[in-house]
Amino acid sequence: MAVIKKEEFKYFEFLPGALIEVDLTSRSIIFMNRIAFSLFNFDQKDIENGLALREIFFTDAEYERSIRVAESFGLESYQNHTAYSRYEKQDLYDFKMRKKDGSYFLGECQGSFVLDEHDVPVGARIYIRDLSEQRQLEASHIENEEKYRTLVENSSDLIFLVDTQGVILSINKATTQYLKRKTEEVEGKNVSDIFPAHTTNTIMGYLNKAFISNKSLTLETPMPMTNKTEWISTSVNPVRDVSGNVTAILGISRNITERRRSDERLEQALIDAQNANKVKDQFISNITHEIRTPMTTITGFAGRLKQSLGEDLKPAEEDYFKFINHASDRLLRTVDALINVSQLEAGTLKLNPKRLHLGQLIELLCEKHRAEATEKQLEIEYIQLTDDDEIWYDEHTVYQAINNIMLNGIKYTEKGGVSIKLERIKKQLYVTFTDTGIGISDDYRDRLFQLFTQESEGLTKEYQGIGLGLALAKKYLDLNEVEIKVDSQKGWGSTFTLIFHEHFPLKEST
Ligand code: ADP
């Protein structure tokens with residue numbers, strides 16, 4: 001059969017779907033547009049070779065069904081080749097169609113007859129849409145919808161959909177359980193039918209807020225329920241139609257009564273702790289006052305007594321006075337350390353950084369402790385390897401830190417002494433304290449700077465003290481951004497190194 005190259009075929013090329021034309025007499029395909037070619041994988045050659053209509057149907061049964069469909073449009077005119085007068089049917093029919101490679105797809109077909117000059121059907125045009133993708137999409141929509149439905153149904157949160165008038169459109173299982181009502185008793189009802197007036201007002205207030213603001217909101221409010229008040233957190237989310245109008249509100253509510261209660265308990269615990277802290281600070285301040293005042297009297301009058309005894313003082317009595325001094329010094333140091341700790345913990349300590357000579361401060365402290373060291377027959381040696389020893393620091397806190405480290409050096413050393421070295425390495429000043437004392441074990445090293453810890457504790461404790469000195473030193477050095485490093489060997493001695501950085505960040509306070 002000759003190929004009929006009709007004028008209109010060229011317009012069909014541009015159709016957004018696949019179009020084929022069939023010659024009714026030979027039942028062969030005489031035209032396929034580009035989309036049809038790519039859909040079925042046939043080409044112009046196949047058509048020229050007289051591609052049979054049967055070839056595009058997956059089974060004989062489907063092919064025959066297609067013929068019956070076509071015949072049903074205008075049976076007599078078609079069979080008798082008489083003029084076709086009926087309106088073409090625009091119904092859509094799905095067929096299992098076949099591609100050239102034998103695979104199949106689901107095609108949605110719409111047909112019309114091609115009439116000759118006497119209105120007799122001579123051909124049929126079939127417009128075909130590949131439904132496979134759409135069907136897959138539909139299937140995945142259904143699957144997704146199912147997934148969401150399962151999620152919503154199994155959620156422990158109350159999930160509900162309410163329209164602009166307050167009519168409850170849909171609720172999940174958790175909501176029915178919470179309301180102790182069946183789904184059908186709630187869906188389709190107005191909020192006011194379900195809840196008492198005051199609760200309805202609260203709910204409608206929420207919904208209106210979301211309608212007016214057109215935004216999602218989360219609100220936490222006490223909800224008066226039948227016989228008790230529950231705290232509910234609700235997020236209300238406007239649901240918009242395709243043109244963007246808010247048509248409903250999706251609400252997600254959670255009972256947070258327990259969480260609120262534990263929040264309140266926490267808040268109360270914090271207030272209690274703050275109060276307890278205040279009481280503790282007050283107690284420390286009272287007790288230090290109560291110890292300091294009588295101690296000043298004891299040391300003051302002991303001094304005067306020693307003076308008035310003058311030359312008559314026997315060597316043993318001289319020792320008594322020494323004991324009094326040592327004991328009172330020890331007591332005052334302990335009290336001072338306690339005050340310092342509570343000051344640091346309260347955060348009331350104010351730094352006053354200045355550019356100062358570090359060497360001068362170390363010398364001063366060496367002098368201060370020389371007598372104590374000499375008494376134990378220990379050496380205190382200070383080596384300053386640089387004159388360039390000016391640096392920014394807060395004198396009071398750095399003084400306290402170095403004082404504590406030096407005191408420990410003397411306290412924990414029985415033979416030898418403490419050697420202190422100041423040197424500049426590049427832009428940093430290094431102060432190294434080396435003692436020949438008892439050393440620190442590796443096990444204890446990690447807790448060295450913890451408040452109230454000591455290496456020998458309890459009954460085996462050999463040295464005085466309450467474990468505050470190094471913890472305080474560390475806190476003071478941290479405030480000044482000074483690094484501290486420790487190196488020690490049990491039985492051989494310890495080395496504490498302080499590193500003062502040149503780029504000292506603190507500025508002189510005004
Ligand atoms: P205290 O000296 O009052 O016990 P510190 O905080 O000053 O408290 O020191 C904590 C512990 O660290 C001490 O109990 C001691 O065991 C150990 N320690 C500190 N400095 C030295 C040192 N130079 N040599 C050996 N042990 C030390």
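Residues numbered from 1 in each chain as written. Predicted model: local features only at pLDDT ≥ 70, side-chain atom pairs only at ≥ 80, totals over all residues. Heavy atoms only, no water.

**Q** Quick question: what am I supposed to make of the sheet that holds strand 2 (residues 28–32) here?
**A** Two orientations exist for strands paired in a sheet by backbone hydrogen bonds: parallel and antiparallel. Spatial ordering of the open sheet is given by 2-1-5-4-3, a layout of 5 strands whose pairing is antiparallel. Unpaired on one side and paired on the other, strand 2 and strand 3 (93–98) mark the two borders of the sheet. For this sheet, the mean angle separating the axes of adjacent strands, direction not counted, is 40 degrees. Relative to strand 5 (residues 121–130), strand 1 (residues 18–23) is paired through 6 bridges, and the arrangement is antiparallel. Each residue of the ladder has a partner; that of Ala-18, found in strand 5, is Ile-128. Contacts from helix 6 (residues 132–154) reach strand 3, strand 4 (104–115) and strand 5, with the element oriented near 130 degrees to strand 4. (Pairing = 2+ DSSP bridges. Helix = DSSP H or I, 4+ residues; strand = E, 2+ residues; numbered from the N terminus. Axes fitted to C-alpha atoms, helices over the stretch in contact; angles between N-to-C directions. Contact = heavy atoms within 4.5 Å.)

**Q** What am I meant to see in helix 11 (residues 257–309) here?
**A** Given 3.6 residues per helical turn, the α-helix brings residues three or four places apart onto the same face. Its 53 residues place the ends of helix 11 77 Å apart at the C-alpha level, agreeing with the 78 Å of an ideal helix rising 1.5 Å per residue. Listed as buried for helix 11 are Thr-257, Ile-284, Thr-288, Met-295 and Ala-302. Phi for Gly-310, located one or two positions after helix 11, is positive at around 45 degrees. (Expected span 1.5 Å × (residues − 1). Buried < 20%, exposed > 50% of the residue type's maximum accessible area, 1.4 Å probe, protein only.)

**Q** Is there a simple way to think about the packing of helix 13 (residues 358–375) against helix 14 (residues 395–411) in this case?
**A** Packed helices, taken two at a time, are described by their axes: the angle between them and the distance between them. Look at helix 13 against helix 14: their axes get within 10 Å of each other, and the N-to-C directions meet at 35 degrees. Relative to helix 14, helix 13 is oriented so that their crossing is right-handed. Along its contact with helix 13, which presents Leu-358, Leu-361, Ile-362, Leu-364, Leu-365, Cys-366, Lys-368, His-369, Glu-372 and Ala-373, the element helix 14 presents Glu-395, Val-398, Tyr-399, Ile-402, Asn-403, Met-406, Leu-407 and Ile-410. Looking at side-chain class alone, the contact of helix 13 with helix 14 contains 13 nonpolar, 2 polar and 3 charged residues. (Left-handed = near helix turned anticlockwise from the far one by under 90°. Nonpolar A, V, L, I, M, F, W, Y, C, P; charged D, E, K, R; others polar.)

**Q** What am I meant to see in the sheet that holds strand 12 (residues 379–384) here?
**A** Within the open sheet, the 5 strands sit side by side as 12-14-15-17-16. Their pairing is mixed. Two strands lie at the open edges of the sheet, namely strand 12 and strand 16 (483–489), each paired on one side alone. Between one strand axis and the next, the sheet turns by 15 degrees as a mean value, whatever way the strands run. Bridge count for strand 14 (residues 417–425) against strand 15 (residues 428–435) is 8 bridges, and the pairing is antiparallel. Following the sheet pairing, Val-418 is matched in strand 15 by Asp-435.

**Q** Looking at this structure, how should I read the site of the ligand?
**A** As a structural note, the neighbourhood of the ligand is formed by 20 residues, with Asn-408, Tyr-412, Asp-435, Gln-454 and Leu-470 the closest of them. One nitrogen or oxygen atom from the main chain of Ile-466 is found 3.2 Å from an oxygen atom belonging to the ligand. Protein chains bury 96% of the 530 Å² of accessible surface belonging to the ligand in isolation. Put simply, the parts of the chain that give the shell around the ligand at least two residues each are helix 14, helix 16 (469–479) and strand 17 (493–500). Here the shell around the ligand is composed, by residue class, of 9 nonpolar, 8 polar and 3 charged. (Near = heavy atom within 4 Å. Polar contact = N/O pair within 3.5 Å; in protein donor to acceptor, adjacent residues only side chain to side chain. Areas by Shrake-Rupley, 256 points an atom, 1.4 Å probe, with all protein chains shown as cover.)

**Q** Looking at this structure, I do not really get the side chain of Glu-62. What am I missing?
**A** Here Glu-62 shows up in helix 4 (residues 60–73). Owing to a relative accessible area of 14%, Glu-62 belongs among the buried residues under this scheme. For Glu-62, the contacting residues outside a window of four places in its chain are Phe-57, Asp-94, Phe-95 and Lys-96.

**Q** Explain helix 16 here, please?
**A** All of the buried residues along helix 16 are Leu-470, Ala-471, Leu-472, Ala-473, Tyr-476 and Leu-477. Residues of helix 16 that are buried sit in contact with helix 12 (315–346), helix 14, strand 16 and strand 17. Where helix 16 ends, the next residue or the one after it, Glu-481, has phi of about 55 degrees, a positive value.

**Q** Mind showing me how you'd approach the nonpolar core here?
**A** Ranked by size, the top nonpolar core spans 42 residues in total, and within it Leu-358, Ile-362, Ile-402, Ile-420 and Leu-498 carry the most contacts. In this structure, Leu-358 is in contact with Asp-389, Tyr-393, Val-398, Ile-402, Leu-422, Leu-429, Val-431 and Phe-500, ignoring residues within four places of it in sequence. Grouped together as the second largest cluster of nonpolar side chains are 24 residues, Ala-18, Ile-29, Ile-47 and Phe-105 included. (Core = buried A, V, L, I, M, F, W, Y, C linked by side-chain atoms within 4.5 Å.)

**Q** Before we go on, may I ask you to explain the packing of aromatic side chains in this structure?
**A** Aromatic ring pairs are reported here in terms of the distance separating the ring centres and the angle at which the planes meet. Throughout the structure, instances matching the rule amount to 6 aromatic pairs. Summarising the aromatic geometry, the rings of Phe-58 and Tyr-104 are spaced 4.8 Å apart at their centres and angled 50 degrees between planes, so their arrangement reads as tilted. Placement of Phe-58 in the loop between helix 3 (44–48) and helix 4 and of Tyr-104 in strand 4 is noted, with a sequence separation of 46 residues between them. An aromatic cluster is present here, built from Phe-57, Tyr-63 and Phe-95 joined pairwise through their rings. Over the aromatic face of Tyr-104 sits the side chain of Lys-96, whose NZ or CZ is 4.3 Å from the ring centroid. Residue placement shows Arg-260 over the ring face of Trp-231; its charged tip is 3.6 Å from the ring centre. (Phe/Tyr/Trp six-rings, centres within 6.5 Å; stacked < 30°, edge-to-face > 60°. Lys NZ or Arg CZ within 6 Å of the ring centre and 35° of its normal.)

**Q** Can you walk me through a nonpolar patch on the surface in this structure?
**A** A grouping of Tyr-148, Leu-151 and Val-152 is seen on the molecular surface, where their side chains present a nonpolar patch of about 310 Å² in accessible area. Note that Tyr-148 resides in helix 6. (Patch = residues over 30% accessible without salt bridge, like charges linked within 9 Å, V, L, I, M, F, W, Y side chains within 5 Å. Salt bridge = Lys/Arg side-chain N within 4 Å of Asp/Glu carboxyl O.)

**Q** Looking at this structure, how should I read the pattern of salt bridges?
**A** Oppositely charged side chains may form a pair once their charged atoms are brought near each other. Going through the model one piece at a time under the given rule, you end up with 24 salt bridges. Between Asp-46 and Lys-100 there is a salt bridge, with its nearest N and O atoms 3.1 Å apart. With a gap of 54 residues between them, Asp-46 in helix 3 and Lys-100 in the loop between strand 3 and strand 4 connect regions that are remote in the sequence. Judged by relative accessible area, Lys-100 falls into the partly exposed class, the value being 39%. A salt bridge links Arg-370 to Glu-367, with the shortest nitrogen-to-oxygen separation between them at 3.3 Å. Taken together, the residues span about one helical turn, with Arg-370 and Glu-367 both in helix 13 at a distance of 3 residues. A single network of salt bridges, built from pairs that share partners, joins Glu-220, Arg-259, Arg-260 and Asp-263.

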